[in-house]
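Notes for the structure review
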Amino acid sequence: MTSDTNERALETGIHTDLAGRMSYGGYLRLDRLLDAQQPVSDPPEHDEMLFIVQHQVSELWLKLIIHELKAAIVHLRADDLGACQKGFARCKQVLRQLTEMWSVLETLTPADYMKFRDTLGPSSGFQSLQYREMEFLLGNKNAGMLQVFAHDPAAEATLRAALEGPSLYDEALRYLARHGHDVPAHLLERDWTRSHVSDPALLPVLERIYEESGENWQAYHLCEDLVDLESQFQLWRFRHMRTVMRIIGFKRGTGGSSGVDFLKKALDLTFFPELFEVRTRIGMG
Ligand code: HEM
Ligand SMILES: N[C@@H](CC(=O)c1ccccc1NC=O)C(=O)O
């Protein structure tokens, strides 16, 4: 069948009377979402739109990750590993998206970025509340980070709540203890505002889980989900550092840090140290 136009006729039944009813734009609050891209460069720099959209999309994905991590912590506490695994699978895929997104920003040339970089003033991703909350939920705690939000009491309270609660790793260790694994007692009740410090006493516990994964499948699966999350997170950090190096070289950061050097140091951080250390022992007798 041929047709002399390329139009697709509306089927009968398509809703067109949407006055006062739930619509696409209304449900998604697109009036607000799509009004939130407000470049500040004057005269306007074409590439500032890319910069804003990239950050906003990142923040939206961070919002979902935080939503899932908080739920995973609740599910872990309730021994509901199935629900937890669903959340982890989603977080991993979102982190992959976030990591892949650096390729879009890498189309920003150093010279084009410098045309509007000054307008950013002292603002920096270092001040991302959601990023810091995600780090805290994963276990990289640092009370000093609250200072950055002293100007914003609501933000500070959000971050403080994440600082003061057990992290995903803390809850995973508590889960293992409840399920017959000999996790040292001092890891089960402690000052949650501090990052977990690698504990050699955990290694034999994890070694058994890894050596006898068949008999400890749930625990093994939980540990491997955490390993996946950390590895994917590190890929995001690495791509950020390389993108920054490519765009601003070794300039200082707008947030006041040394720049690439500061970002490189973050690559040494680990959320779940023993889950990597245990691998050294596997098969060694
Ligand atoms: C041209 C693009 C970018 C450049 C040049 C850049 C540069 C930097 C630099 C130099 C820092 C260190 C802090 C400072 O002194 O400012 C930093 C931190 C940070 N940036 Fe970016 N960044 C870029 C894009 C992004 C994007 C798209 C995100 C996504 C949300 C992001 C998130 C972060 C976060 C979360 C930190 C804090 C990292 C930490 O504390 O470990 N950045 N960035
Ligand atoms: N820190 C970046 C500026 C920057 O990337 C930025 C500025 C404002 C809001 C978010 C940002 N993203 C990540 O740091 C720089 O030093 O050029």
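Residues numbered from 1 in each chain as written. Chains lettered and ligands numbered in written order. Predicted model: local features only at pLDDT ≥ 70, side-chain atom pairs only at ≥ 80, totals over all residues. Heavy atoms only, no water.

Next up on the list: the overall build of the chain. Across its full length, the chain holds 13 helices and zero strands. Secondary structure of the chain in N-to-C order comes out as α-α-α-α-α-α-α-α-α-α-α-α-α. For the C-alpha atoms alone, the extent of the chain along its principal axes is close to 75 × 55 × 40 Å. With 285 residues in all, the chain has 39% of them scored as buried. Accessible surface, the chain: about 16,700 Å² in total, of which carbon and sulfur atoms supply 56%. Looking at charge distribution, the chain has the averaged site of its 31 positive side-chain charges lying 2 Å from that of its 41 negative ones. (Helix = DSSP H or I, 4+ residues; strand = E, 2+ residues; numbered from the N terminus. Buried < 20%, exposed > 50% of the residue type's maximum accessible area, 1.4 Å probe, protein only. Areas by Shrake-Rupley, 256 points an atom, 1.4 Å probe, with all protein chains shown as cover. Lys, Arg positive; Asp, Glu negative; His and termini not counted. Charge placed at Lys NZ, Arg CZ, Asp CG, Glu CD.)

On to the UniProt feature "binding site: heme" (unreviewed entry) in the chain, then. UniProt records the feature "binding site: heme" (unreviewed entry) at His240, using the numbering of this structure. Within the secondary structure, His240 is located in helix H11 (residues 217–248). (UniProt positions renumbered as here; feature names shortened; annotations may be inferred.)

Below, the discussion takes up the packing of aromatic side chains. The full count for this structure, using the stated rule, is 13 aromatic pairs. Consider the rings of Phe233 and Trp236, whose centres lie 6.4 Å apart with planes at 40°: the pair is tilted. One end of the pair is Phe233 and the other is Trp236, both in helix H11 and three residues apart, which spans about a single turn. Residues Phe233 and Trp236 agree in their burial class; the two are buried. (Phe/Tyr/Trp six-rings, centres within 6.5 Å; stacked < 30°, edge-to-face > 60°.)

As a structural note, the neighbourhood of ligand 2 is formed by Phe51, His55, Tyr113, Arg117, Leu120, Ser123, Ser124, Gly125, Gly253 and Thr254. In the environment of ligand 2, a nitrogen atom lies 2.6 Å from a nitrogen or oxygen atom belonging to the side chain of His55. A distance of 2.7 Å separates an oxygen atom of ligand 2 from a polar side-chain atom of Arg117. Look at ligand 2: alone it shows 390 Å² of surface, and the protein chains cover 79% of it. For the shell around ligand 2, a count of residues per class yields three nonpolar, six polar and one charged. (Near = heavy atom within 4 Å. Polar contact = N/O pair within 3.5 Å; in protein donor to acceptor, adjacent residues only side chain to side chain. Nonpolar A, V, L, I, M, F, W, Y, C, P; charged D, E, K, R; others polar.)

Attention shifts here to the pattern of salt bridges. Under the defined criterion, the tally for this structure stands at 19 salt bridges. For Asp112, the salt bridge goes to Lys115, with nearest N and O atoms at 2.7 Å. One end of the pair, Asp112, and the other, Lys115, are both in helix H6 (residues 110–117), three residues apart, so they sit about a helical turn from each other. Residues joined in a network through salt bridges with shared partners are Arg77, Glu171, Arg174 and Glu189. (Salt bridge = Lys/Arg side-chain N within 4 Å of Asp/Glu carboxyl O.)

Membership of the largest hydrophobic core comes to 66 residues, with the highest contact counts inside it found for Met134, Leu168, Leu226 and Leu275. Among the elements that make up this core, the one with the highest residue count is H11 (13 residues). Not counting the four nearest positions on each side in its chain, Met134 is found in contact with Leu62, Ile65, Ile66, Leu69 and Phe233. (Core = buried A, V, L, I, M, F, W, Y, C linked by side-chain atoms within 4.5 Å. Contact = heavy atoms within 4.5 Å.)

Bringing the site of ligand 1 into the picture now. As a structural note, the neighbourhood of ligand 1 is formed by 24 residues, with Ser124, Arg132, His240, Gly255 and Ser257 the closest of them. Note that an oxygen atom of ligand 1 is positioned 3.4 Å from one of the backbone N or O atoms of Gly256. The separation between an oxygen atom of ligand 1 and a polar side-chain atom of Ser257 is 2.7 Å. Elements that contribute at least two residues to the shell around ligand 1 include exactly helix H3 (48–77), helix H5 (102–105), helix H7 (129–138), H11 and helix H12 (260–265).

Below, the discussion takes up the coordination of the iron atom of ligand 1. Exactly one protein atom donates to the iron atom of ligand 1; that atom is His240 (NE2), 2.3 Å from the metal. Around the iron atom of ligand 1 sit six donor atoms; with metal-centred angles ranging over 80 to 179°, the donor geometry is octahedral. (Donors = N, O, S within 2.8 Å, 3.2 Å for Na, K, Ca; no water. Tetrahedral: all angles 85-135°; square planar, octahedral: opposite > 155°, others 65-115°.)

Residues of helix H13 (residues 273–281) that are buried include every one of Pro273, Glu274, Leu275 and Val278, and no others. Each element contacted by the buried residues of H13 is listed here: helix H9 (168–178), helix H10 (203–211) and H11.

On inspection of all chains with the given rule, the structure shows zero disulfides. A disulfide-free cysteine, Cys91 has its sulfur positioned 9.8 Å from the sulfur of Cys84, the nearest such atom. Since its relative accessible area comes to 1%, Cys91 is described here as buried. With no disulfide of its own, Cys223 has Cys84 as its nearest cysteine by sulfur position, at a separation of 12 Å. (Disulfide = S-S within 2.5 Å.)

The next thing to look at is the packing of H7 against H11. Contact pair H7 / H11: the axes reach a minimum separation of 13 Å and the direction vectors enclose 145°. Taken as a pair, H7 and H11 cross one another with a handedness that is left-handed. On H11, the residues that touch Tyr131, Met134, Glu135 and Leu138 of H7 are Phe233, Trp236 and Arg237. Taken together, the residues of the contact of H7 with H11 sort by class into five nonpolar, no polar and two charged. (Axes fitted to C-alpha atoms, helices over the stretch in contact; angles between N-to-C directions. Left-handed = near helix turned anticlockwise from the far one by under 90°.)

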